[in-house]
Amino acid sequence: MNYHFETLAIRNQSERTQFSEHSSPLYLTSSFVFEDSEEMRASFAEEKERNLYSRFSNPNTTEFVNKIVAMEGAESGYAFATGMSAIFSTFGALLNAGDHIISCRSVFGSTHSLFTKYLPKWNINTNYFNINEIDQIESLIQPNTKILYAESPTNPAIDILDLELLNSIAQKHKLLLIIDNCFATPYLQNPIKFGADIVIHSATKLIDGQGRVLGGVVVGKEELIREIYLFSRNTGPAMSPFNAWVLSKSLETLAVRVEKHCENALKIAEFLENHSKVNYVKYPFLKSHPQYEIAKKQMKLGGNIVAFQINGGIEKGKQFLDNIKLCSLSANLGDTRTIITHPASTTHSKLSNDERLETGISDGLVRISVGLEYVDDIIDDIKQALK
Ligand SMILES: *Cc1c(COP(=O)(O)O)cnc(C)c1O
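Nothing here was measured: the structure is a model prediction, and the numbers come from that model.

Draft legend 1. Summary view of the packing of helix α11 (residues 254-273) against helix α15 (residues 375-386). Their axes nearest at 10 Å, the elements α11 and α15 cross at an angle of 30°. One way to sum up the angle between α11 and α15 is to call them roughly parallel. Crossing of α11 over α15 shows right-handed handedness. From α11, Asn264, Lys267, Ile268, Phe271 and Leu272 reach across to α15, where they touch Val375, Ile378, Ile379, Ile382, Lys383 and Leu386. Residues of the contact of α11 with α15, tallied by class, amount to eight nonpolar, one polar and two charged.

Draft legend 2. Representation of the site of the ligand. Around the ligand, 14 residues are found, and the nearest of them are Met84, Asp180, Ser202, Thr204 and Lys205. At 2.8 Å, a side-chain N or O of Ser202 approaches an oxygen atom of the ligand. In isolation the ligand has 380 Å² of accessible area, and contact with the protein removes 92% of it. The dominant element in the shell around the ligand, judged by the number of residues it contributes, is helix α4 (residues 83-94), at three residues.

Draft legend 3. Expanded view of the side chain of Asn60. Along the chain, the position of Asn60 falls in helix α3 (residues 59-72). For Asn60, the side chain forms a polar contact with the main-chain nitrogen of Tyr27, separated by 2.6 Å.

Draft legend 4. Summary view of the packing of aromatic side chains. Under the criterion given, the structure shown has 12 aromatic pairs. Ring centres of Phe88 and Trp122 lie 6.3 Å apart, and the angle between their planes is 45°; on these two criteria the pair is classed as tilted. With a gap of 34 residues between them, Phe88 in helix α4 and Trp122 in the loop between α5 (109-118) and β3 (125-129) connect regions that are remote in the sequence. Take Trp122: its relative accessible area is 43%, and that puts it in the partly exposed class.

Draft legend 5. Broad picture of the layout of surface pockets. One number sums up the size of the largest pocket: a volume of about 1200 Å³. If you trace the largest pocket, you find 36 residues lining it, with Glu49, Arg50, Asn51, Ser57 and Thr62 closest to the centre. A total of seven residues in the lining of the largest pocket trace back to one element, the largest contributor, which is α3. Contributing to the lining of the second largest pocket are 16 residues, with Gly109, Ser110, Ser113, Thr347 and His348 lying nearest its centre. No other element matches α5, which puts five residues into the lining of the second largest pocket. The residue makeup of the lining of the second largest pocket, split by class, is four nonpolar, eight polar and four charged.

Draft legend 6. A look at the sheet that holds strand β11 (residues 339-341). The strand order across the open sheet built from five strands is β8-β9-β12-β11-β10, with neighbouring strands paired in mixed fashion. This sheet does not close on itself; its edge strands, each paired only once, are β8 (278-282) and β10 (328-329). Relative to strand β12 (residues 365-369), β11 runs antiparallel, the two being bridged by three bridges. Within the sheet, the bridge partner assigned to Ile340 lies in β12 and is Ile368.

Draft legend 7. Geometry of a nonpolar patch on the surface. Together, Leu26, Leu28 and Phe242 line one region of the surface with nonpolar side chains, adding up to about 280 Å² of accessible area. Along the chain, the position of Leu28 falls in the loop between α1 (5-11) and α2 (37-44).

Draft legend 8. Structural context of empty space enclosed by the protein. For the coordinates displayed, the defined rule picks out two cavities of 30 Å³ or more. Forming the walls of the largest cavity are Cys104, Arg105, Ser106, Phe129, Asn130, Ile131, Thr154, Asp159, Leu161, Glu358 and Thr359. Among the residues making up the lining of the largest cavity, the classes are represented as four nonpolar, four polar and three charged. Here the second largest cavity is characterised by a volume of approximately 30 Å³. Surrounding the second largest cavity, Pro153, Ile158, Phe183, Pro284, Gly302, Gly303, Asn304 and Ile305 form its lining. Residue composition of the lining of the second largest cavity, by class: five nonpolar, three polar and no charged.

Criteria and cut-off values
- Residues numbered from 1 in each chain as written.
- Predicted model: local features only at pLDDT ≥ 70, side-chain atom pairs only at ≥ 80, totals over all residues.
- Heavy atoms only, no water.
- Axes fitted to C-alpha atoms, helices over the stretch in contact; angles between N-to-C directions.
- Helix = DSSP H or I, 4+ residues; strand = E, 2+ residues; numbered from the N terminus.
- Parallel < 35°, antiparallel > 145°, perpendicular 65-115°, else oblique.
- Left-handed = near helix turned anticlockwise from the far one by under 90°.
- Contact = heavy atoms within 4.5 Å.
- Nonpolar A, V, L, I, M, F, W, Y, C, P; charged D, E, K, R; others polar.
- Near = heavy atom within 4 Å.
- Polar contact = N/O pair within 3.5 Å; in protein donor to acceptor, adjacent residues only side chain to side chain.
- Areas by Shrake-Rupley, 256 points an atom, 1.4 Å probe, with all protein chains shown as cover.
- Phe/Tyr/Trp six-rings, centres within 6.5 Å; stacked < 30°, edge-to-face > 60°.
- Buried < 20%, exposed > 50% of the residue type's maximum accessible area, 1.4 Å probe, protein only.
- 1 Å grid on protein atoms, 1.4 Å probe; cavity = no way out; pocket = protein on both sides within 12 Å on 5 of 7 lines; lining within 4 Å.
- Points joined across faces, edges and corners; volume = space filled by probe spheres on them.
- Pairing = 2+ DSSP bridges.
- Patch = residues over 30% accessible without salt bridge, like charges linked within 9 Å, V, L, I, M, F, W, Y side chains within 5 Å.
- Salt bridge = Lys/Arg side-chain N within 4 Å of Asp/Glu carboxyl O.

Next comes the structure, spelled out in structure tokens:
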């Protein structure tokens, strides 16, 4: 099957039932029925591939997972209730007590909590590397290091990590390379092409794209996904069939939506770069981005997240947010609605000042998740709020 991304996103459907439906129906059922005891035995023994129970699989979650597997060029996958349950289950399945992780410092807030608060309960510790110290990763490797973990682009610093370089380090030291590909979506970047073993998405963001449902998905090498599947099948973080149905429909429009998100984001980034009250703008496809060349190498477009710093620090940052009229102040991202946040006073307020600065979050940093409204309307809103 050599179909392109857009075609896979639309035509990769579950089998039709006797009703000849054109669009996949919703299978709200917790379990599935067997013809006889032999079929039931063979199914539980995994001699026969079929649905047993929706914690294990369901036609809607299978359709959703199959699409992401095809889009990412992976071998296999499993869908989760949220992005965080996807991340936690990956660690739960692949790590043993005493193992060690190396991660980029700028990671999603709850991932940071996993690394610093929860995984240490099982004596699993994490060392961070800074974006400008990527050549020092090797010095952090210990005999028990098992995973090299990164986001790219990172949340919220919008740093870009060189996936090819990370892969060469992981290969050399036999580490599993795990990439949280949430900000890029499978449309903009496929880490598996650069050697990643596992790719994780929060489907809550651009994959849903309309701020409706939560979801997560992990795809990658067959033998690793098998472990993650068995762990999840027994611990129960499965995606709901309803959410899978919504998300699978969302994937049908992912390519056109993300194209437009990126077009709007680039225009907004260019507008901000020329504004006198803005110190700096960070957007992967602006030439001024420190890792612009790497972004161009591994991403199709720059994504929908723009970060910028307002002159005057924390008070000016909050004042700017208070003057916004059209855009939303909200914790989500990747919605059709443009969302503006101030990480220092919200998502990353639990970090110390030093930790925040090391993560690239200054007091005046504002993050915009650019939506699909008409771009001039978004720019006008930002313009009047900056005034
Ligand atoms: C939102 C997010 C997550 C967590 O996803 P949920 O669906 O909210 O659990 C993980 N990683 C990144 C980069 C995110 O933006």
